[in-house]
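Tertiary structure, described
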Amino acid sequence: MNLRLSNRSNLRLVGLIITYGVVLSFCLWSAWQLRFDFSVPSTSRYAVGISIIWIVPIKLFILALTSQYSGLLSYFGVRDLTRLFIGMASSSFIVGLLWWGIADKGSFIPSRGVILTDFVLSFMGLASIRLMVRLYREKQRDSEGAKQSNLKKVGIVGAGHTGANLAKDLLIRKRLGIEPEYFFDDNPEK
């Protein structure tokens, strides 16, 4: 059993690294394309490939440091989004430091515009993937829960923000078998 779990975990890790690597490569390539209005000069085409070769592994390593390969993908929340932001900002900061510190900007350091555009695209791309996985899993669970025909009707005490959020959460998570029917509050306006 442990061997199976280990193999499954390793397969998941490899899959995440490949998926993130492809997305990050595409984002960096897109940043270069946007920099040159989708007409990269022939003198800079070599720099595009070289920058992908050395920047993407740095990002993948920093994603590992910010725990983006561990945890459940379907439970992507604010904490994970914050760690993803920190990881992408850190890698862009490292590339920016290299741009600033190397006198000969040469062929392998992207410009500041490419670095900034890549940061935005990479963060949004990876966050979108994680959000899509979460929404897909929630939809699967909800469709399974919607098949239950015997939902218990409940009343919620408190019709403020907390009560409304609870009702919304219960309506989304039909698999719990609870459906909010009434609100009770001491404020008659609510």
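Model, not experiment: these values are computed from the prediction. (Residues numbered from 1 in each chain as written. Predicted model: local features only at pLDDT ≥ 70, side-chain atom pairs only at ≥ 80, totals over all residues. Heavy atoms only, no water.)

**Some details on the overall build of the protein chain**
Looking only at helices and strands, the protein chain features five helices and two strands. From first element to last, N terminus to C terminus, the protein chain shows the α and β order α-α-α-α-β-α-β. In the protein chain, which comprises 190 residues, the share counted as buried stands at 32%. Across the protein chain, the fraction of contacts at a sequence separation of at least 24, relative to all contacts at a separation of at least 6, is 74%. Summed over all atoms, the accessible surface of the protein chain reaches about 12,500 Å², with 64% contributed by carbon and sulfur. (Helix = DSSP H or I, 4+ residues; strand = E, 2+ residues; numbered from the N terminus. Buried < 20%, exposed > 50% of the residue type's maximum accessible area, 1.4 Å probe, protein only. Contact = heavy atoms within 4.5 Å. Areas by Shrake-Rupley, 256 points an atom, 1.4 Å probe, with all protein chains shown as cover.)

**Re the pattern of salt bridges**
One pass over the structure, following the stated rule, counts four salt bridges. For the salt bridge of Glu 179 with Lys 153, the shortest nitrogen-to-oxygen distance reads 2.6 Å. You can see Glu 179 sitting in strand S2 (residues 178–184) and its partner Lys 153 sitting in strand S1 (residues 152–157), a full 26 residues away along the chain. A salt bridge links Glu 181 to Lys 153; its shortest N-O distance comes to 3.7 Å. In this pair, Glu 181 is assigned in strand S2 and Lys 153 in strand S1, connecting sequence segments 28 residues apart. Of the residues examined, Lys 153 reaches a relative accessible area of 51% and is grouped as exposed. A single network of salt bridges, built from pairs that share partners, joins Lys 153, Glu 179 and Glu 181. (Salt bridge = Lys/Arg side-chain N within 4 Å of Asp/Glu carboxyl O.)

By themselves these figures say nothing about function.
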